[in-house]
Amino acid sequence: MCYAIPGKVIEIQEKTAVVSYFGETKKAISELSNLKVGDYIYAQGGFAIKIIPEKEALEILATWKETFFDLQETDLRLSRMDLEKKRIDRKAGLIFDKVLEGGKVTDSDLLYLLEIKNKETLELLYKTANFLRQKHLKNSCCVHGIIEFSNYCSQSCSYCGISTHNKDLGRYRMTKEEIYDAADQAINKYGFQALVLQSGEDKSYSIDDLCEIVSTIKSKWPCLIFISFGEVGVEGLRKLYKAGARGLLMRFESSNPRIYGELHPGRGLKSRIEHLEAAFQLGYLIITGGLIGLPGQTVQDLLNDILLTRRLKTEMYTFGPFLPHPKTPLAGMPPPPTKDVLKVLAVSRIADPVNAKILVTTGFETLESKARELGLMAGANSVMLNVTPEKFAKNYAIYPNRAHAGEGIQEQIDSTLALLYSIGRAPTDLGALLK
Ligand code: 5AD
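Quantities reported herein were computed from a predicted structural model and do not represent experimental measurements.

1. A few points about helix H11 (residues 338–351)
Compared with an ideal rise of 1.5 Å per residue, which puts 14 residues at 20 Å, H11 spans 20 Å between its outermost C-alpha atoms and is within 8% of the ideal. What H11 keeps buried is the set Thr-338, Val-341, Leu-342, Lys-343, Val-344, Leu-345, Ala-346, Val-347, Ser-348, Arg-349, Ile-350 and Ala-351.

Listed below in C-alpha cells is the structure:
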C-alpha cells in the first residue's frame, strides 16, 4: 500500500525500491529507468509511477507532516478494541480471540462468522476486522478513479442493466479523444494516480484499439491503469500488459459454477478463472470478487467466494450487493440486507488480514446510504470514484439509482476526503490535493 504523498527512495534492489513515508517504509516495483536512491516518487499499487523534483516533494511533505500523524492517531483511537464482551456469542468470541492473537482461522470458523445473527456479536465482528486493517495496513485508503467509456455489451448476464436484455437504454461509446480528455481531467485536474478503464464487452473496440488507448494515456501522463473490458482472452491480456496496463478488474461474480452458468448464458466459470489466473501470471494486480445476495446463493457460497478471491492472490477485493434491475430477468428479486454485505467485507479481512485491499463498492452505497463509513469501519480500506463525464455516466446503468449519479467529480472528492479525514484515513490517491 502506498500513500499519495511523495515517498523517498532509500534503497533499490534490482527492480524493487524501498520507499520511506515519514519513516514508514513500503516497497514499490520500479519501471522508471533512471530511478536512484534519494529520489522522491509517487507510488501506486506497489508501482513507482513518477519521480517528483525534490523541492516540490519537500514542500508537499512539509504541509502533510502534521496531518499525516494526526490522521494516524485518529485511526488508532477509533480502531481500538473494547475488551468487554457482554452478550457476545461464546464461540464467535473465541474465534475473535484467536484472530487477534494471530492464530490460524479455519474455513469453518469463517463460515460461523458469516452466519452470526446477534447484533452485539456482529458489531464485534466489524470491530475485529477494523482492528486487523489498522494493525496490518495502517490508515492508507485507496481512492481510484473509474472511467466507463462504453455501455455497449454483447453479453446477456441476467442481472446486468447494460446487458442485451435492456432494450431501452441509451447506448454510448466514447471516442478515443473523449477517453483521453476524461483521463487528462482525472489525472491532471483532480490528481488521480490510479485509473480503471471499464466498458461492457463492446466488440467495436479491437484489442489494438484498447492497447492504443492504454499506451496513449500511459505515455502522456504517469499513472497506474487497471483494465476492465470483460473477457479479452489470454493473448489480449498479454498485449494489454505490454501496452502498459498493470491491473485487471474482473469479478468472477459467483464461485458456484451452477449459479455462474445460470446467470451468464454462453459463458462458464472456468474461463473466468482462467483469465484471472493468467492475468496474475502476466504480472497484473487483480481486483476481483462477487455479488452478494444472488438468487439461490447460500452462506457456504459466499464463503467460497471469499476463499476463491484469496486463492486468486487478489490485490483488491470487490464485493457488492446484487441489485435488481427492472429491465433484466432478475427484476423483482430482493437485494440483500446491509448486514450481509458488511459481514462479507469483515470476513474477507479476517480471511486475508495482512495484504488485502477491500473496496466499498458503489453498489453497496446504492443499497445503503452510510455504506462508506460502515464498510471502512468493518475492514475495508478502498473506494472508487466515478470520473466518467456526467453526460455518459448516467447511462452506465448496471443497476438502478446508482449512488453519486449526478454528482460532479469535485463534489465526490470533497465528500470522500471529508469522510476519510473524519475517521483518520489518508487517501493513497489525491493526496497532493489536500487542502
Ligand atoms: N447489481 C449489482 N451489481 C451489478 N453488476 C452488474 N449488474 C449488477 C446488478 N444488477 C456488477 C457486476 C459487474 C460490475 C461491472 O457490475 O458484478 O462485474
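2. A closer look at the pattern of salt bridges
Where side chains of opposite charge bring their charged atoms close, a pairing between them can arise. Under the defined criterion, the tally for this structure stands at 25 salt bridges. Among the salt bridges present, the one from Asp-168 reaches Lys-327, with a minimum N-O distance of 2.8 Å. Here Asp-168, found in the loop between strand S6 (140–150) and helix H5 (176–189), pairs with Lys-327, found in the loop between strand S13 (320–321) and H11; they are 159 residues apart in sequence, far enough to count as distant. The exposure class of Asp-168 is exposed, given its relative accessible area of 56%. One salt bridge in this structure joins Arg-311 and Glu-277, with 3.2 Å as the shortest N-O distance. One end of the pair, Arg-311, is in helix H10 (residues 299–311); the other, Glu-277, is in helix H9 (residues 269–282), with 34 residues separating them in the sequence. Each of Glu-201, Lys-203, Glu-231, Glu-253, Arg-267 and Arg-272 takes part in salt bridges that share partners, so that together they form one network.

3. Considerations on unusual backbone geometry
Despite not being glycine, Lys-138 has its phi angle at roughly 55 degrees, a positive value. With respect to the secondary-structure elements, Lys-138 resides in the loop between helix H4 (119–137) and S6. The class for Lys-138 is partly exposed, based on a relative accessible area of 33%. Phi at His-404 takes a positive value of approximately 70 degrees, unusual for a residue other than glycine.

4. Things to note about the site of the ligand
Around the ligand, the surrounding shell consists of Tyr-159, Cys-160, Gln-198, Arg-251, Glu-253, Leu-291, Pro-321, Phe-322, Leu-323, Ile-398 and Tyr-399. The backbone of Tyr-159 places a nitrogen or oxygen atom 2.8 Å from a nitrogen atom of the ligand. Calculation on the ligand without its partners gives an accessible area of 400 Å², and the protein chains cover 87% of this total.

5. Some remarks on the nonpolar core
Note that soluble globular proteins tend to have their nonpolar side chains buried in a common cluster. Counting 109 residues, the largest nonpolar core has Leu-125, Phe-192, Ile-217, Ile-227, Leu-240 and Tyr-284 as its most contacted members. A per-element tally of this core places H11 first, with 8 residues. Ignoring sequence-local partners within four residues, the contact set of Leu-125 consists of Phe-96, Leu-113, Ile-116, Lys-343, Ala-346, Val-347 and Ile-350. In terms of nonpolar packing, the next biggest core, distinct from the first, is built from 20 residues, Ala-17, Leu-35, Ala-48 and Leu-61 among them.

Scoring rules and cut-offs
Residues numbered from 1 in each chain as written. Predicted model: local features only at pLDDT ≥ 70, side-chain atom pairs only at ≥ 80, totals over all residues. Heavy atoms only, no water. Helix = DSSP H or I, 4+ residues; strand = E, 2+ residues; numbered from the N terminus. Expected span 1.5 Å × (residues − 1). Buried < 20%, exposed > 50% of the residue type's maximum accessible area, 1.4 Å probe, protein only. Salt bridge = Lys/Arg side-chain N within 4 Å of Asp/Glu carboxyl O. Near = heavy atom within 4 Å. Polar contact = N/O pair within 3.5 Å; in protein donor to acceptor, adjacent residues only side chain to side chain. Areas by Shrake-Rupley, 256 points an atom, 1.4 Å probe, with all protein chains shown as cover. Core = buried A, V, L, I, M, F, W, Y, C linked by side-chain atoms within 4.5 Å. Contact = heavy atoms within 4.5 Å.

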